[in-house]
Amino acid sequence: QVQLRESGGGLVQAGGSLRLSCAASGRAFSSYGMAWFRQAPGKEREFVATITWNGDSTFYASSVKGRFTISRDNAKNTVYLQMNSLKVEDTAVYYCAAGPPYIRPPQAMGAANFAYWGQGTQVTVSS
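A brief report on the enclosed structure follows. (Residues numbered from 1 in each chain as written. Predicted model: local features only at pLDDT ≥ 70, side-chain atom pairs only at ≥ 80, totals over all residues. Heavy atoms only, no water.)

## Thoughts on the pairing of strand β5 (residues 46-51)
With respect to burial, β5 is a largely interior element, 5 of its 6 residues being buried. Where strand β4 (residues 33-39) and β5 come together, 5 bridges link them in antiparallel fashion. Bridged to W36 within β5 is A49. The antiparallel pairing of β4 with β5 creates a hairpin that spans 6 residues between the two strands, and G42 there sits at a positive phi of about 75°. Pairing analysis gives 3 bridges linking β5 to strand β6 (residues 58-60), with the strands arranged antiparallel. Within β6, the position partnered with T50 by the bridge is F59. In this antiparallel pair of consecutive strands, β5 and β6, the connection spans 6 residues, and G55 shows a positive phi of 80°. (Buried < 20%, exposed > 50% of the residue type's maximum accessible area, 1.4 Å probe, protein only. Helix = DSSP H or I, 4+ residues; strand = E, 2+ residues; numbered from the N terminus. Pairing = 2+ DSSP bridges.)

## Considerations on the sheet that holds strand β7 (residues 68-73)
Strand order across the open sheet formed by 4 strands is β1-β3-β8-β7, with antiparallel pairing between neighbours. Single-partner strands in this sheet number two, and they are β1 (2-7) and β7. Each strand of the sheet is rotated relative to its neighbour by a mean of 15°, with strand direction disregarded. Sheet topology note: the β7/strand β8 (residues 78-83) ladder contains 6 bridges and is antiparallel. Residue pairing in the sheet places I70 in a bridge with L81 of β8. (Axes fitted to C-alpha atoms, helices over the stretch in contact; angles between N-to-C directions.)

As structure tokens, this is what we get:
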């Protein structure tokens, strides 16, 4: 199995940027497709972005496409989420997750398809 730990969250003004990191330990990181999900208060956890095991394919929720970029560095066992042009509605706890190596939508949009999760990092965007 793999252990995941997110970092990089914080408070930022609307229009600003943050980069989230998710460091993995344990079983071979490069054997997993990775994703970011988020959960706002009172809402269900929702898909944000996913990347295949080798980084060749990425997919995004329509709400973040063009603003967020998912990437990974298998040598560092880390996946990233660069978030630009942040909006108040991006406020949520952000989670990284590990799943099948070639996972992509629609399967990637379902949290149940990811076996391993981090604890989450809070992102708050102020107006």
